[in-house]
Structure formats: structure tokens, C-alpha cells
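# Close look at the chain arrangement
The residues making up each chain are set out below.
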Number of protein chains: 2
Amino acid sequence: MRFEIDPRSPRSPGEQLQDQVTFAVASGRLLPGAKLPSVRGLAAQALVNPNTVARAYRELEHAGVVESRPGDGVYVAARGDSRCAALSGKLVRERLGRAVDEALAAGLGEAELQEIVDRAVRRSSKEREVNA
Amino acid sequence: MRFEIDPRSPRSPGEQLQDQVTFAVASGRLLPGAKLPSVRGLAAQALVNPNTVARAYRELEHAGVVESRPGDGVYVAARGDSRCAALSGKLVRERLGRAVDEALAAGLGEAELQEIVDRAVRRSSKEREVNA
DNA sequence: GGCACTGTCCTATCGTGCTGGTACGGGGGT
DNA sequence: ACCCCCGTACCAGCACGATAGGACAGTGCC
């Protein structure tokens with residue numbers, strides 16, 4: 001499981017980390033019981049401060065997505081997957097909705113919009129293949 | 001032309017304002033030569049600080065989208081529309097792409113994604129009718 | 001027991017974006 | 001000429017997220 005931060009995103013690094021874990025759990029790429037990278041390890045990998053990772057993990061624990069076992073590691077919570085499903089669905093719907101609103105406000109027609117979405121889907125699934 | 005700020009958006013008020021003007025110009029809702037709301041007026045309407053609006057206008061002027069005539073007002077620049085077309089197209093593509101990536105990462109299938117987009121389009125065009 | 005690794009906590013500091021307030025100079029209608 | 005509204009500029013201050021560094025306690029392995 002790789003995590004990475006897009007510095008050009010308007011979302012803060014901590015939020016991006018949180019989102020990525022949530023989505024990975026919701027999609028089943030991270031199963032309940034799986035061990036997440038260590039705070040320090042993930043910080044080094046994602047080039048952020050360990051404190052930022054720790055805060056993200058703490059938020060996730062508060063949301064019931066993960067469980068942290070001090071001295072051992074952070075694990076996906078037992079029912080974290082179902083908890084994430086609703087959560088990530090809501091997030092995704094909200095953000096996709098916003099992006100579509102923007103696109104229409106910018107004068108794009110439905111056809112062009114459809115084409116952009118298709119293209120993004122194809123690009124994204126191609127990347128998924130490569131990483132498989 | 002109404003502008004409003006969504007405080008729940010991850011984007012800063014200034015950026016939201018900037019985007020909205022850009023999209024309005026790109027879509028032809030604001031034509032070259034049209035007068036934009038005054039710094040103070042828009043600030044009062046959108047519940048932000050006049051300084052924030054002034055900065056957004058300055059950025060837009062730097063991008064060649066608007067022209068400011070001190071003592072008079074801020075106007076859409078002569079070739080602002082064409083300048084915006086490319087700009088907003090790029091922005092929209094980027095953000096829609098990100099949202100689609102997220103949705104797929106969250107485990108949504110293409111069919112569900114399609115359904116969400118359709119729903120957002122319909123909701124959005126319904127709002128457009130109401131405001132027409 | 002000792003060691004390496006884990007998560008946790010705390011404080012100080014920086015950068016950035018927004019706020020609040022004030023002041024200046026120009027345009028345009030009266 | 002006057003006054004009102006306009007954009008512009010500048011400043012101090014605040015909030016927030018991220019950074020940096022250090023210290024602590026628990027777990028697991030040897």
C-alpha cells in the first residue's frame with residue numbers, strides 16, 4: 001500500500017493521508033486487521049512530518065476506522081470497512097458533485113463533461129493495472 | 001451575477017471568488033466589457049473581507065481576465081473570454097480528474113460513478129433553470 | 001534484561017491566508 | 001467645487017496547518 005501527497009492539491013497533507021486510508025479501507029484494498037505503515041515510516045515515505053501522520057491516524061481512530069496499539073502499530077479496525085463505506089461514499093459524492101458543478105459553471109456541455117470523465121476513468125484504470 | 005462562498009470547501013474564499021469569475025467569463029455569463037461588483041459590494045455580499053476581494057481581482061487582472069479602472073470599477077477584459085477558456089478548461093479537467101481518481105480509489109465501479117455524475121448534472125442544471 | 005521499534009505527548013516556530021482598520025488618490029455625477 | 005463611491009496600498013493581528021525537536025511509555029524480539 002503506497003501513499004503519496006500531492007503538494008498541488010488544495011487539501012492539506014494530513015487530510016490527503018486521511019482520505020487515502022479511508023478510501024483504501026472502503027475499497028477493500030486494506031482489510032480489517034491489516035497493519036498500517038508506522039508513523040515514522042509513512043512520514044518518511046510521504047515526505048511529511050511524523051506529527052502530521054500521527055494526527056491523521058488519531059483522527060481515523062476517532063472515526064473508528066483504525067485501532068492503534070501503542071508500542072505495536074496501527075491496524076484497520078474490525079468493522080472499519082463498513083464504517084468507511086458510508087463515509088467515503090458521502091465524501092466522494094460531495095466532491096464529485098462540486099467538480100461537476102464547476103465544470104458546468106465553466107460552460108462545459110454535458111457531452112464534453114462525459115468525455116472528460118471517461119478519459120479520467122480510463123487513465124485511472126490503466127494506472128491501476130500497472131500497479132497490480 | 002451572484003457570487004457565494006462555501007465555507008466548507010477546502011479552497012480558500014479568495015480562490016473560490018477567483019474561480020467563479022473565471023468560470024463565469026469562460027461560459028459567457030460575463031461578457032467582455034461587463035462591470036464586476038465593486039470590491040466593497042462583493043465583499044459585503046459574499047461575507048468576506050474587502051481585502052480578500054481586492055486580492056482576487058488583482059490576481060485576475062494579472063491573468064489578463066479583468067481590467068481595473070481605479071476610481072471607476074473592475075471590468076471584464078477585452079479578450080478575457082478566450083484567455084479564460086483555456087484556463088478554466090485546464091482547471092476543470094484537473095479537478096474532475098482528481099475527483100474521479102478518488103471515487104475509483106474509494107472502490108466505486110464505473111457504473112456507480114456514472115450514476116453519481118448524472119445525478120450531479122441533473123441537480124445542477126435544475127438549479128440553473130431556477131436562476132434563469 | 002536489553003534493545004529496537006512502536007505510538008503518544010508537548011512546546012516552540014514558521015508560513016500563509018484572512019481579518020480589521022486606515023489612508024490615499026482618481027472618477028463621475030450633482 | 002463638492003461629495004460619494006471607486007480601486008489601491010499598507011499595516012498589525014489572528015487562526016490554522018505544518019514543521020521541528022525532544023521526551024516518554026509500551027510491545028516484541030533476541
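All of these numbers come straight from a predicted model, not from anything done at the bench. (Residues numbered from 1 in each chain as written. Chains lettered and ligands numbered in written order. Predicted model: local features only at pLDDT ≥ 70, side-chain atom pairs only at ≥ 80, totals over all residues. Heavy atoms only, no water.)

Attention now goes to the protein's contact with DNA strand C. In the neighbourhood of DNA strand C, 24 residues make up the surrounding shell, with Val 39 and Ser 68 of chain A together with Ser 12, Asn 51 and Thr 52 of chain B lying closest. Of what DNA strand C places within 4 Å of the protein, 62% of the atoms are sugar or phosphate. Within the side chain of Asn 51 of chain A, an N or O atom sits 3.3 Å from a base nitrogen of DNA strand C. Asn 49 of chain B is positioned such that a nitrogen or oxygen atom in its backbone is 3.0 Å from a phosphate oxygen of DNA strand C. Breaking the surface near DNA strand C down by element, the ones donating at least two residues are helix H2 (39-46), helix H3 (50-62) and strand S2 (73-76) of chain A together with helix H1 (13-27) and helix H3 (50-62) of chain B. Partitioning the surface near DNA strand C into residue classes produces seven nonpolar, eleven polar and six charged. (Near = heavy atom within 4 Å. Polar contact = N/O pair within 3.5 Å; in protein donor to acceptor, adjacent residues only side chain to side chain. Helix = DSSP H or I, 4+ residues; strand = E, 2+ residues; numbered from the N terminus. Nonpolar A, V, L, I, M, F, W, Y, C, P; charged D, E, K, R; others polar.)

If you trace the backbone, Lys 126 of chain A turns up in helix H5 (residues 110-131). Put simply, Lys 126 of chain A and Ser 82 of chain A are 44 residues apart on the chain and 27 Å apart in space, counted from C-alpha to C-alpha.

What follows is about the protein's contact with DNA strand D. Within the structure, DNA strand D sits among 22 residues, and Ser 12, Asn 51 and Thr 52 of chain A together with Val 39 and Ser 68 of chain B are positioned closest to it. Considering the 4 Å shell around the protein, atoms of DNA strand D inside it are sugar or phosphate in 60% of instances. At 3.2 Å, a backbone N or O of Gly 71 of chain A approaches a base nitrogen of DNA strand D. Asn 51 of chain B is positioned such that a nitrogen or oxygen atom in its side chain is 3.1 Å from a base nitrogen of DNA strand D. At the level of secondary structure, the elements contributing two or more residues to the surface near DNA strand D comprise helix H1 (13-27) and H3 of chain A together with helix H2 (39-46) and H3 of chain B.

So, on to the relation of the copies chain A and chain B. After a rotation of 180 degrees and a shift along the axis of 0.0 Å, chain A superposes on chain B with an RMSD of 0.0 Å. Given the turn and translation reported, the copies of this chain are related as if by a two-fold rotation axis. Judged by C-alpha distance, Pro 10 of chain A is the residue of chain A that lies nearest the rotation axis, at 3.2 Å. Mapped onto chain B, 100% of the interface residues of chain A are again interface residues, and the two copies thus contact each other with one and the same surface. (Least-squares fit on C-alpha atoms with pLDDT ≥ 70 in both. Contact = heavy atoms within 4.5 Å.)

Bringing the side chain of Arg 11 of chain B into the picture now. By secondary structure assignment, the location of Arg 11 of chain B is in the segment before H1. On the basis of relative accessibility, which here comes to 16%, the residue Arg 11 of chain B falls in the buried class. Side-chain polar atoms of Arg 11 of chain B contact the side chain of Asp 19 of chain B, separated by 3.4 Å. Leaving out residues up to four positions away in the same chain, Arg 11 of chain B has contacts with Pro 10 of chain A together with Gln 16, Asp 19 and Arg 95 of chain B. (Buried < 20%, exposed > 50% of the residue type's maximum accessible area, 1.4 Å probe, protein only.)

Another point: the domain arrangement of chain A. Residues and elements named next belong to chain A. The domain boundaries assigned to chain A delineate domain 1 (13-82) and domain 2 (85-131). Between the C-alpha centres of domain 1 and domain 2 there is a distance of 25 Å. Every contact between the two is made by seven residues of domain 1 and, on the other side, eight residues of domain 2. The contact between domain 1 and domain 2 buries some 520 Å² in all, and 60% of this surface belongs to carbon and sulfur atoms. On the domain 1 side of the contact with domain 2, Asp 19, Thr 22 and Phe 23 bury the most area, a combined 57% of that side's loss. Applying the counting criterion to the domain 1 and domain 2 interface returns one salt bridge. Its salt-bridge partner being Asp 19, residue Arg 95 comes within 2.9 Å of it at the nearest N-O pair. Run the count over domain 1 and domain 2 and you get three residue pairs in polar contact (both at pLDDT 80 or more). At the level of secondary structure, the elements contributing two or more residues to the side of domain 1 that touches domain 2 comprise H1 and helix H4 (80-105). (Domains from an automatic or database assignment. Buried area = accessible area lost by both parts, 1.4 Å probe. Salt bridge = Lys/Arg side-chain N within 4 Å of Asp/Glu carboxyl O.)

This next bit is on the nonpolar core. Core analysis: the biggest nonpolar cluster contains 30 residues, and Leu 96 and Leu 113 of chain A together with Leu 96 and Leu 113 of chain B have the highest contact counts within it. Of all the secondary-structure elements, those providing two or more residues to this core are H4 and H5 of chain A together with helix H4 (80-105) and helix H5 (110-131) of chain B. Apart from the residues lying within four places of it in its own chain, the contact partners of Leu 96 of chain B are Leu 96, Ala 99, Val 100, Ala 103, Leu 113, Ile 116 and Val 117 of chain A. Counting residues in hydrophobic clusters, the runner-up holds 21 residues, among them Phe 3, Ala 43, Ala 56 and Cys 84 of chain A. (Core = buried A, V, L, I, M, F, W, Y, C linked by side-chain atoms within 4.5 Å.)

Moving on: the interface of chain A and chain B. Across the contact, 40 residues belong to chain A and 40 residues belong to chain B. Taken together, the two surfaces of chain A and chain B that pack against each other cover about 3400 Å², and 61% of this comes from carbon and sulfur. The interface formed by chain A and chain B includes six salt bridges. A salt bridge links Arg 95 of chain B to Glu 102 of chain A; its shortest N-O distance comes to 2.9 Å. At the junction of chain A with chain B, the criterion picks out ten residue pairs in polar contact (both at pLDDT 80 or more). Of all the secondary-structure elements, those providing two or more residues to the side of chain A that touches chain B are H1, H4 and H5 of chain A. By residue number, the principal contributor to the side of chain A that touches chain B is H4 of chain A, which donates 14 residues. Partitioning the side of chain A that touches chain B into residue classes produces 18 nonpolar, seven polar and 15 charged.

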